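This is what each chain is made of:
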Amino acid sequence: MAETVKGDTGTWEIVIGLEVHAQAISNSKLFSGASTAFGAEPNSQVSFVDAAMPGMLPVLNAYCVEQAVRTGLGLNAKINLHSVFERKNYFYPDLPQGYQISQYQHPIVGEGVIEIDMPDGSIKKIGIERLHLEQDAGKSLHDQHPKKSYVDLNRSGNALMEIVSRPDLRGADEASAYLNKLRMILRYLETCDGNMEEGSMRADVNLSVRPMGENKLGTRCEIKNVNSIKAVQMAIAYEAQRQVELIEGGGKIAQETRLWDPAKGVTRSMRSKEEAHDYRYFPDPDLLPVTLQSEWVNEIKETLPELPDEKKHRFIKDYGLSLYDASVLISERARAAYFEDVAKGRDAKLAANWVINELLGLLNKNGKSIKESPISAPQLGGLIDLISDETISGKIAKDVFAEMFETGKDAAAIVEDKGLEQVTDTGAIEAVIDEILAANPDNVAAYKGGKDKLFGFFVGQVMKQTQGKANPQAVNEILKTKLG
Amino acid sequence: MSMDKETVRKVASLARLRVTEEELDKFAPQLSGILEWIEQLGELDTSNVEPLSNVVDIAPVSRQDEINDGNIQSAILANAPEAQSGYFTVPKIIEQADN
């Protein structure tokens, strides 16, 4: 299943670990009372702490700690009751302190694991090495002025959760499946909005290659600036090929930071970062170690929602859905809740079909989310009830559905207004059939002479005559007896 | 542990401090002396002692998640050597990329 690179000397395995920076959902920053809202006037959401004015002291936002713990629990990870903030020292214009407050030797969350869904329907477990809390830096704009860079500190001090995976990923598909699943979990937990376009979730890719069958890891490169799942896939494809060609050409991989250039579709070396890699971490003397009570951690655990993988397994088991259908339905919490509302007391597979094939299709076409659906879950349930009790046929139901989407009316009202009830009265159907058989003696003779295909013609005529309202099963049965 | 001139040069460069050759000759033995002095602490057996992170016995302080700061753009920019349109401006940062 894993993607490989075919080189001149043989097949190469791609080994990937991802570092994801997820901005914790909170009103205020990790160490100050300034707002975290996106898109404000430059430098308007900056306190003296965030601007690193002399003498200002950081005070930890308790809710950010809770968000990190909640995320750790959602990643099935060990929560460390003792963790330490350290200073990571480097110089950059958007880092006013000259250091980033981060966690290094003692992160708040230790090892965990999440499941990713492989295209062949199997499940692969991906190890999480750690999650630690840290401050975000400000933002530099390089394209506003020919000779200047502009610095906005609004983002400076926002709480980030850095989630580091084990090098368990074996290609671009697995990397994007991992990112999708991680984002889904964060959204279920409501600890990060997962919005890659606004930068509230960002990924660095650590990649190395090794000959197939080799157990030792190759030298890795870290690729930065990959800001979408698409970019992650493209950067992986490019970088894996580059490394294989370099090694096969007799070269050696240098452990370095590389930058993904989306315009050129290449990764390039960021030599300037190398010197800065000596971060000289030390415990931040302004902040005491974080000590948590296990009772408090358990209280948070009690409040966790059902997570995507649990929900998926339950949908398959309790509703008898396929893995594919279950995966589509659980991808958003609101979507899963909608489905469960529709399925309650009804045929779950029928409910899944209507939600996935009809509703999601139409919502998607109209650029709407499930929360904006003009058809509520009880309304869609009402339509399905009309199909199940044979008031309308499945074919008519699609027309009714389209009108419900358009008008927001109940299915029963539309069916009544337009007189769309299915004709199940066999006497009435029989009368129509007799009429049609009498009007088409040639075709009746041809059918009896062996032209079986004409059966469809008769069904079509009956449906035309009854405006699609005749119960198809009854039509088939009566036609068979009459023509038999 | 003694510090040679090269180490001092590296530490100074990481801290963005410009030092002359003569200063390196002076600082290397001084810094070595400081380190050796501190290293005397290593003679104590601390294998059964928890690292000390807090000399006064106070519980860690934390904040509620409330917005009660910010909206002081002009104060934030007041001491900036240069600012434009609400941004700090600095000499252009050019990422030294090659390959």
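Owing to the predicted nature of the structure, the values given are computational and were not obtained by experimental measurement.

What counts as what
- Residues numbered from 1 in each chain as written.
- Chains lettered and ligands numbered in written order.
- Predicted model: local features only at pLDDT ≥ 70, side-chain atom pairs only at ≥ 80, totals over all residues.
- Heavy atoms only, no water.
- Patch = residues over 30% accessible without salt bridge, like charges linked within 9 Å, V, L, I, M, F, W, Y side chains within 5 Å.
- Areas by Shrake-Rupley, 256 points an atom, 1.4 Å probe, with all protein chains shown as cover.
- Salt bridge = Lys/Arg side-chain N within 4 Å of Asp/Glu carboxyl O.
- Helix = DSSP H or I, 4+ residues; strand = E, 2+ residues; numbered from the N terminus.
- Buried < 20%, exposed > 50% of the residue type's maximum accessible area, 1.4 Å probe, protein only.
- Domains from an automatic or database assignment.
- Expected span 1.5 Å × (residues − 1).
- Axes fitted to C-alpha atoms, helices over the stretch in contact; angles between N-to-C directions.
- Parallel < 35°, antiparallel > 145°, perpendicular 65-115°, else oblique.
- Left-handed = near helix turned anticlockwise from the far one by under 90°.
- Contact = heavy atoms within 4.5 Å.
- Nonpolar A, V, L, I, M, F, W, Y, C, P; charged D, E, K, R; others polar.
- Pairing = 2+ DSSP bridges.
- Bend = angle between axes of the 7 residues up to and from the residue.
- Core = buried A, V, L, I, M, F, W, Y, C linked by side-chain atoms within 4.5 Å.

K.L.:
Before we move on, could you go through a nonpolar patch on the surface and cite the residues and values that matter?
P.N.:
Residues and elements named next belong to chain B. Side chains of Leu31, Ile34, Trp37, Ile38, Leu41 and Leu44 sit close together on the surface and give an oily, nonpolar patch of about 660 Å² of accessible area. Relative to the helices and strands, Ile34 resides in helix α2 (residues 21-39). On the basis of relative accessible area, Ile34 is assigned to the partly exposed category, the value being 47%.

K.L.:
Can you explain the domain arrangement of chain A? Please cite residues and give values.
P.N.:
When its domains are assigned, chain A resolves into domain 1 (4-300), domain 2 (306-418) and domain 3 (426-483). The gap between the C-alpha centroids of domain 1 of chain A and domain 3 of chain A is 67 Å.

K.L.:
Can you break down helix α3 (residues 229-248) of chain A residue by residue, with the values?
P.N.:
Relative to the 28 Å expected for 20 residues at 1.5 Å per residue, α3 of chain A spans 29 Å between its end C-alpha atoms, a close match to the ideal helical length. Following α3 of chain A by one or two positions, Gly250 of chain A adopts a phi angle in the positive range, close to 90°.

K.L.:
Before we move on, can you summarise the packing of helix α9 (residues 348-365) of chain A against helix α11 (residues 394-407) of chain A with the specific residues and values?
P.N.:
Residues and elements named next belong to chain A. At their nearest, the axes of α9 and α11 sit 11 Å apart, and the two run at 40° to each other. The angle between α9 and α11 falls in the class oblique. Along this stretch, α9 crosses α11, giving a crossing that reads as right-handed. Residues Trp354, Glu358, Leu359, Leu362 and Leu363 of α9 touch α11, and the partners they reach there are Ala397, Lys398, Phe401 and Phe405. Among the residues forming the contact of α9 with α11, the class breakdown is seven nonpolar, no polar and two charged.

K.L.:
Can you tell me about the sheet that holds strand β10 (residues 148-152) of chain A, naming the residues and giving the values?
P.N.:
Spatially, four strands are ordered β9(A)-β10(A)-β3(B)-β2(B) in an open sheet, and the strand pairing comes out antiparallel. Strands with a single pairing partner mark the edges of an open sheet, and in this sheet they are β9 (139-141) of chain A together with β2 (83-84) of chain B.

K.L.:
Outline the sheet that holds strand β6 (residues 99-103) of chain A, listing residues and values.
P.N.:
Residue and element names in this part refer to chain A. Ordered in space as β6-β5-β16, the three strands form an open sheet in which the pairing is antiparallel. Looking at strand neighbours, the two that pair on one side only are β6 and β16 (282-283), the edges of this open sheet. Two elements, strand β5 (residues 85-89) and β16, share two bridges in a ladder whose sense is antiparallel. The residue of β16 that forms the bridge with Glu86 is Pro283.

K.L.:
Tell me about α2 of chain B, residues and numbers included.
P.N.:
Residues and elements named next belong to chain B. Between its first and last C-alpha atoms α2 spans 27 Å; for 19 residues at 1.5 Å apiece the expected length is 27 Å, and the two agree. Most pronounced at Phe27, the bend in α2 amounts to some 25°, and the proline Pro29 follows within four residues. What α2 keeps buried is the set Leu24, Ala28 and Ser32. Its buried side turned inward, α2 meets α1 (5-14).

K.L.:
Account for the pattern of salt bridges, naming residues and giving values.
P.N.:
On inspection of all chains with the given rule, the structure shows 40 salt bridges over all chains. A salt bridge links Lys312 of chain A to Asp309 of chain A; the nearest nitrogen and oxygen atoms lie 3.3 Å apart. Taken together, the residues Lys312 of chain A and Asp309 of chain A, both in helix α6 (residues 308-319) and three residues apart, mark about one turn of the helix. Side by side, Lys312 of chain A and Asp309 of chain A carry an identical accessibility label, which is buried. Among the salt bridges present, the one from Lys482 of chain A reaches Glu430 of chain A, with a minimum N-O distance of 3.2 Å. Taken together, the positions of Lys482 of chain A in helix α16 (residues 472-483) and Glu430 of chain A in helix α13 (residues 426-439) put the pair 52 residues apart, joining distant regions of the chain. If you follow the salt bridges from partner to partner, you end up with Lys5, Glu6, Arg9, Glu21 and Asp25 of chain B in one network.

K.L.:
Outline the nonpolar core, supporting the account with residue identities and numerical values.
P.N.:
Residue and element names in this part refer to chain A. Of all hydrophobic cores here, the largest spans 109 residues; its most connected members are Tyr178, Leu380, Leu383 and Val400. The residue makeup of this core includes at least three contributed by each of domain 1 (4-300) and domain 2 (306-418). Excluding residues within four positions of it along the chain, Leu383 makes contact with Trp354, Ile392, Ala397, Val400, Phe401, Met404 and Ala411.

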